[in-house]
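Below are the chains, spelled out letter by letter.
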Amino acid sequence: MHHEQMQAARAVEAVLRGAPLPAALAGVDDGSALRGRALVQELAYGTLRYWGTLDALVGRLATRPIVDADVRALVAVALYQVVHTRAPAFAVVDRAVDAVALLGHAAAGGLVNALLRRFLRERDTLEAEVAADPVARWSYPAWWIDRVRSDFPADWEAILSAGNARPPLTLRVNLRQTTRAALLASLRSAGVACAPQGALGIVVDPPRAVSGLPGYREGQFAVQDLGAQLAAPLLDVADGHRVLDACAAPGGKTTHIVELADAEVTALDADVSRLPRVRENLARLAHDDRRVHVVEGDAADPRAWWDGRPFDRILADVPCTASGIVRRHPDGKWLRRPADVARFARQQDAILAATWPLLASGGKLLYVTCSVFAEENEARIAAFASRAPDALRETLIFPVDAQHAGGQLLPSLPGASHNQDGFYFALLRKS
């Protein structure tokens, strides 16, 4: 356990220095067995999910600042284990003392031992003390809490709580390869606990490695959140339509579009390094022989890639803060800064302005983000509509059990009947 604690602490400390969590985990991976890597991932994700609380506890426990950031991160990792896992508390403490030596700080072993044992003795008091601070209570930066509370006065607490929940593993059935009933039967016969949700979704609980599930190699499903699964149906694509997926990587929505209609799809993305994922997903789901053109290009600058033919449908799944999917990416809470919201808003405006002229008269554009910040969502659509008199807003029909506030899907708390991330949708028709 101590080796995994050390690796997780290094990954957490790398995130706090600005590295995305996947890159941080890759940087500490030493080729350990799968079980060890899974534990490192669990500890790093969990510690970042509750970093606001854990860091506040470390601050209360230490009578003087801990100079070494990786030691502070290690104490937080151990606190996460004690509070949120079933690992025996005293074993966690003992292994953490060994782990600090692996970090190169053997002299800090006594400090780590003293801090963690004090927490075991005074846990209730310490947790009550830090809960008075909103950052520690909710485990988000203060600016994030203030923005969500301002945007959603009635739902802000539920939104923040949902972002700290463990995400489900949700599959989308590929109807060109199988049926949901057949895939459910195949999964259950293999001992996989699962249940249907949404129109085509299957929730696997507890989550497990997706590549080992029945039907994966045969392309019978894609991994896609229930909220994201609403995008392609809302776009209302029909056979023969010419469709632009303006920010396509990694291809989940592209593949869904071609599963619903025989359309000609341009899957565009500005990041050339992400395009192989689009092609891989198309191939695994047996869509690589369909009319999908994978193109490198910036949606905000069509001159370099557009052939001049208008599109009947445009999916503008624009770059955003990803504030609606932090239960899947808890590092985002600590990597984002307030200025990022305005920066993304400018990028979103540019994509809307550039892609709207590419849409045929009578065509539809679906604007999508995975954010819960109104400045990236309602504010962008209102601003665009004020500049585009030919943009008519269509009414969206969501599933009855999908909680939403207008076009904003509210991220789900555990046990929701439509367990979704916090996506936003606006459908515009060109008159």
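Please read these numbers as outputs of a predicted model, since none were measured by experiment.

Undergrad: Can you walk me through the overall build of the protein in this structure?
TA: The helix and strand tally for the protein stands at 17 helices and 13 strands. Its C-alpha atoms give the protein a radius of gyration of 23 Å, near enough to 22 Å, the size a compact globule of 431 residues would have. Based on the C-alpha atoms only, the size of the protein along its principal axes is roughly 70 × 50 × 40 Å. Among the 431 residues that make up the protein, the fraction classed as buried is 52%. Look at the contacts in the protein between residues 6 or more apart in sequence, and 72% of them connect residues 24 or more apart. By element, 53% of the accessible surface of the protein is carried by carbon and sulfur atoms, the whole surface being about 18200 Å². In the protein, 48 positive and 49 negative side-chain charges are present, and the distance between their average locations comes to 2 Å.

Undergrad: What is the right way to look at unusual backbone geometry in this model?
TA: Excluding glycine, most residues fall at negative phi; most peptide bonds, likewise, are trans. Put simply, aspartate 205 and proline 206 share a cis peptide bond, and its omega is 5°. Inspection of the secondary structure puts proline 206 in the loop between strand E3 (201-204) and strand E4 (221-223). The backbone phi angle of alanine 286 is positive, close to 65°, even though this residue is not glycine. Here alanine 286 is to be found in the loop between helix H14 (275-284) and strand E7 (292-296). With a phi angle near 60°, alanine 322 is a residue other than glycine that sits in the positive phi range.

Undergrad: Sorry if this is basic, but what is going on with the environment of threonine 355 here?
TA: Relative to the elements of secondary structure, threonine 355 occurs in helix H16 (residues 338-355). Judged by its relative accessible area of 0%, threonine 355 falls in the buried class. Those residues in contact with threonine 355 that sit more than four places away from it in its chain are Leu244, Ala299, Ile314 and Leu365. Among the polar contacts listed, one links the side chain of threonine 355 to the backbone oxygen of isoleucine 351, at a separation of 2.7 Å.

Undergrad: What is the right way to look at the pattern of salt bridges in this model?
TA: Side chains carrying opposite charge are able to pair once their charged atoms draw close together. Scanning all chains against the criterion turns up 30 salt bridges. For arginine 118, the salt bridge identified is with glutamate 122, shortest N-O distance 3.2 Å. With a gap of four residues between them, arginine 118 and glutamate 122 both fall in helix H7 (residues 109-130), about one helical turn apart. Using a relative accessible area of 24% as the deciding quantity, one classes arginine 118 as partly exposed. Residues participating in the shared-partner salt-bridge network are Asp236, Arg313, Lys364, Glu394 and Arg429.

Undergrad: Sorry if this is basic, but what is going on with the pairing of strand E2 (residues 194-197) here?
TA: Each regular strand displays side chains that alternate between the two surfaces of the sheet. Both E2 and E3 contribute to a ladder of four bridges, which runs antiparallel. In the strand pairing of E3, alanine 195 is matched with valine 203. Connecting E2 to the antiparallel partner E3 that follows it, the hairpin turn spans three residues, and glycine 198 within it adopts a positive phi of roughly 65°.

Undergrad: What should I look at first to understand the environment of valine 326 in this one?
TA: The topology assignment puts valine 326 in the loop between strand E8 (311-317) and helix H15 (332-335). The buried category is assigned to valine 326, whose relative accessible area is 3%. For the pair valine 326 and arginine 166, spaced 160 residues apart in sequence, the C-alpha separation works out to 9.8 Å.

Undergrad: So what exactly am I meant to see when it comes to the nonpolar core here?
TA: As a rule of thumb, nonpolar side chains are buried together in soluble globular proteins. Counting residues in hydrophobic clusters, the biggest one holds 48 residues, and the most contacted among them are Leu21, Leu79 and Leu116. Top contributing element to this core by residue count: helix H5 (residues 69-84), with 10 residues. Look past the residues within four positions of leucine 79 in its chain and what remains in contact with it is Leu54, Leu57, Val58, Leu61, Leu116 and Phe119. If you look at the next biggest cluster of nonpolar residues, it comprises 35 residues, including Val243, Ile257, Val278 and Val294.

Undergrad: Can you walk me through H5 in this structure?
TA: Structural remark: α-helix, 3.6 residues per turn; residues separated by three or four positions point the same way. Over its 16 residues, H5 runs 22 Å from end to end, which matches the ideal 22 Å to within 8%, given 1.5 Å per residue. Among the 16 residues in H5, 12 count as buried, and that is most of the element. Within H5, the full set of buried residues consists of Asp70, Val71, Ala73, Leu74, Val75, Ala76, Val77, Ala78, Leu79, Tyr80, Gln81 and Val82.

Undergrad: Even after reading the chapter, I still don't get helix H6 (residues 89-102), so can you show me in this structure?
TA: Compared with an ideal rise of 1.5 Å per residue, which puts 14 residues at 20 Å, H6 spans 20 Å between its outermost C-alpha atoms and is within 8% of the ideal. Of the residues making up H6, those classed as buried are Val92, Val93, Ala96, Ala99 and Val100. On its buried face, H6 sits against helix H1 (2-16), H5 and H7. Just past H6, the residue glycine 104 takes up positive phi, approximately 95°.

Undergrad: Where do I start with the packing of aromatic side chains in this structure?
TA: Here the distance between the centres and the angle between the planes together describe a pair of aromatic rings. Counted by the stated rule, this structure contains 11 aromatic pairs. Of the aromatic side chains, those joined through ring pairs into one cluster are Tyr140, Trp143, Trp144 and Phe373. Between the NZ or CZ atom of arginine 147 and the centre of the ring of phenylalanine 373, over which it lies, the distance is 5.6 Å. Over the ring of phenylalanine 344 we find arginine 343; its NZ or CZ atom is 4.5 Å from the centre of that ring.

What counts and what doesn't
- Residues numbered from 1 in each chain as written.
- Predicted model: local features only at pLDDT ≥ 70, side-chain atom pairs only at ≥ 80, totals over all residues.
- Heavy atoms only, no water.
- Helix = DSSP H or I, 4+ residues; strand = E, 2+ residues; numbered from the N terminus.
- Rg over C-alpha atoms; globule rule 2.2 N^0.38 Å.
- Buried < 20%, exposed > 50% of the residue type's maximum accessible area, 1.4 Å probe, protein only.
- Contact = heavy atoms within 4.5 Å.
- Areas by Shrake-Rupley, 256 points an atom, 1.4 Å probe, with all protein chains shown as cover.
- Lys, Arg positive; Asp, Glu negative; His and termini not counted.
- Charge placed at Lys NZ, Arg CZ, Asp CG, Glu CD.
- Polar contact = N/O pair within 3.5 Å; in protein donor to acceptor, adjacent residues only side chain to side chain.
- Salt bridge = Lys/Arg side-chain N within 4 Å of Asp/Glu carboxyl O.
- Pairing = 2+ DSSP bridges.
- Core = buried A, V, L, I, M, F, W, Y, C linked by side-chain atoms within 4.5 Å.
- Expected span 1.5 Å × (residues − 1).
- Phe/Tyr/Trp six-rings, centres within 6.5 Å; stacked < 30°, edge-to-face > 60°.
- Lys NZ or Arg CZ within 6 Å of the ring centre and 35° of its normal.

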